[in-house]
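# Descriptive analysis of the structure
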Amino acid sequence: MRFIIVSATAVQRHGSLTALVAFFMIITPALSLAGGGWISDPGHGGVRIGHDWKLQRDAQRRDIDGELYRSLFNSSYDYEFLYLSGQVGVMKGLEISTLVTYLWASETVDSTAEDRSHFYNGFSDMWFGVKYQIFDGAWPTAIEANIRLPWLYEGSSILNGQNLTDIPGLLNRDYELNLSVSHSITDRIYASATGGFRLREGAPANQIVFNAEVGGKLPFLDDRFFVKVGIDGAASIGEPGKYTSKDRFPGLSLERDSHFFDFNNSSYIRPQVGASFAITPHLDLSAGYSYMSWGHSILVYDDILLQLGYSF
C-alpha cells in the first residue's frame, strides 16, 4: 500500500515586488495499491484526482526557535489545490509518475499593512518521477528521483499586474532523490519509510526529507476499508540569512517583537492520518489530514484532502 503525501506552499513578499508566489510543493496524501519500496507491475498503475486544502490557523507561525507567534500584519494564507497524479510500471522494477496541480491561493493582511492582500488563481507546480526497485522480497527497497518543473508558470501568469515569470526563483527547478524501504508485517499490516534530499534552485534552503507510516486493512466491510498513520518532515541545510535578490525566499528578518523568521532555515514535523474505502476492486475514495505540529520558521496550517483513485 502506498500513501503519497503532499506538502506546503508559501506566498511571501520580496523587496519591491507586489508578491512572491514561491511554490514549494511536497506532494499529497493518497492511498493506492503500490508505493514505498514496492513498484507497479509493467502496464499497471493508478490515477488519482483530488482536492487538497491548506489553511493557516489564526495567522500563526513558528519563529527560528520554534516558538508560536501571530505573524506581522496578521498575515494569513489559504491554499486550495486541485491535483491530478498517477504512476505506471514501464518494465519490471521500473515505474514513472507525474503530478499536476491547479491552485487557488490567498494572502490576507490587516489594515496596518502597507501592501494589500494578494490572490492567485492558476496552474501551480508539476512533478515528474522515476522509481527503480533495488531489492524485492520481504523488504522491497526502491530509489526514486523527482523533478519539479516550472512549465505551467511559463504561460501568461499574471498576479496584480505582476508577471509571475519575473518573480525570482519561480522558474527554477527542484530535484529530489529518495530511498524507500517497506515491509508487510502481516497480510493486513504494512510499514514503510522514506528518506531523501531535495535540491532547490534559487534558494540556499536545500532540504533533507523523510516520511514514515504504518497502515493496513480493517477486518470488516469485506476488507475494503484501509487506514494509515504516519509522520513526515524536512530539515533545511542551507546557510541561514545568506541570500541574494535572485533567490526564491527572503533571508532572516525580524517578523514581530523578538520573533525572527527565515524560510531558508526552516524545519518541520507533521503527523498525518488517512483512510480509504475500496468502492470497487479498481476504484477507491480517500481522505487525509495532517498538521504542522512542530518546526522552525514555518507557517502553522491544517491540511485536509479528499481524493478519488483508479487503479489498473
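Here is a short report on the structure shown in this document. (Residues numbered from 1 in each chain as written. Predicted model: local features only at pLDDT ≥ 70, side-chain atom pairs only at ≥ 80, totals over all residues. Heavy atoms only, no water.)

### Notes on the overall build of the protein
Keep this limit in mind: In this text, helices come from DSSP runs of H or I with a minimum length of four residues, and strands from runs of E with a minimum of two, each type numbered from the N-terminal end. We call a residue buried when its accessible area falls under 20% of the maximum for its residue type, exposed when it is over 50%, and partly exposed in between, using a 1.4 Å probe and counting protein chains only. Every residue pair with non-hydrogen atoms within 4.5 Å of one another is taken to be in contact.
If you tally the helices and strands in the protein, you get zero helices and 20 strands. Each of the 312 residues in the protein was classed as buried or not, and the buried ones make up 52%. Within the protein, residue pairs in contact and separated by at least 24 positions form 64% of the contacts whose partners lie at least 6 positions apart.

### Structural notes on the pattern of salt bridges
Spelled out, the test is: The term salt bridge refers to a side-chain nitrogen of Lys or Arg lying within 4 Å of a carboxyl oxygen of Asp or Glu.
For the coordinates displayed, the defined rule picks out 11 salt bridges. Across the salt bridge formed by Asp52 and Lys54, the nearest N and O atoms sit 2.9 Å from each other. We note that Asp52, like Lys54, is buried. The partner of Arg198 in a salt bridge is Glu176, with the nearest N and O atoms 2.7 Å apart. A residue pair is termed long-range when its members are at least 10 positions apart, and Arg198 in strand S12 (residues 189-200) and Glu176 in strand S11 (residues 174-184) qualify at 22 residues.

### Here's the deal with unusual backbone geometry
In this structure, Asp257 takes a positive phi of about 55° despite not being glycine. Tracing the backbone shows Asp257 in the loop between strand S15 (253-256) and strand S16 (259-261). Phi is positive for Ser297, which is not a glycine, with a value near 55°. With respect to the helices and strands, Ser297 occurs in the loop between strand S19 (294-296) and strand S20 (298-311).

### Observations concerning the nonpolar core
We count it as follows: To qualify as a nonpolar core, a set must consist of buried Ala, Val, Leu, Ile, Met, Phe, Trp, Tyr and Cys residues joined through side-chain atoms within 4.5 Å.
By size, the foremost hydrophobic cluster in this structure holds 20 residues, and its most contacted members are Tyr79 and Leu103. Looking at this core, the elements that each hand over two or more residues are strand S5 (76-91), strand S6 (94-108) and S20.

### Notes on a nonpolar patch on the surface
Put simply, the rule is: Each patch is built from residues that are more than 30% exposed by relative accessible area and take part in no salt bridge. Like charges join if they lie within 9 Å; nonpolar side chains (Val, Leu, Ile, Met, Phe, Trp, Tyr) join within 5 Å. Per-residue accessibility takes into account occlusion by the displayed protein chains alone, with areas from the Shrake-Rupley method and a 1.4 Å probe.
Residues Val47, Ile49, Leu82, Leu84, Trp104, Ile279, Leu285, Leu306, Leu308, Tyr310 and Phe312 make up a contiguous nonpolar surface patch of roughly 950 Å² in combined accessible area. When residues of the nonpolar patch are traced back to their parent elements, those giving at least two are strand S3 (45-62), S5 and S20. For the nonpolar patch, the element with the most residues is S20, which contributes three residues. Since its relative accessible area comes to 37%, Leu82 is described here as partly exposed.

### Some points on the pairing of S15
For the record, the criterion: In this analysis, strands are considered paired if DSSP registers two or more bridges between them.
Of the strand pairs in this sheet, S15 and S16 are connected by three bridges, and their pairing is antiparallel. Residue Leu254 lies in a different strand from S16, and its bridge partner there is Phe260. In sequence, S15 turns back onto S16 through a hairpin of two residues, with Asp257 there showing a positive phi of about 55°.

### Side note on the pairing of S3
In the sheet, S3 pairs with S5 via 11 bridges, with the strands oriented antiparallel. Looking at the pairing, Gly46 lines up with Gln87 of S5. Here S3 pairs with S20 via 13 bridges, running antiparallel. In the strand pairing of S20, Gln56 is matched with Tyr301. Between S3 and strand S4 (residues 68-70), which pair antiparallel and follow one another directly, the connecting turn spans five residues, one of which, Gly66, has a positive phi of 85°.

### Quick look at the packing of aromatic side chains
The line we're drawing: Aromatic contacts are taken between Phe, Tyr and Trp rings whose centres are within 6.5 Å, Trp giving its six-membered ring; a plane angle under 30 degrees counts as stacked, one over 60 as edge-to-face, and the others as tilted.
Counted according to the given criterion, the structure contains seven aromatic pairs. Aromatic pair Tyr77 and Tyr79: ring centres 6.2 Å apart, planes at 25°, arrangement stacked. Assigned by exposure class, Tyr77 and Tyr79 land together as buried. Between Tyr102 and Phe123, the aromatic rings sit 5.1 Å apart at their centres with planes inclined by 85°, giving edge-to-face as the arrangement. Placement of the pair is Tyr102 in strand S6 and Phe123 in strand S7 (residues 118-135), with a sequence separation of 21 residues.

Function-wise, these values are silent; they only describe arrangement.
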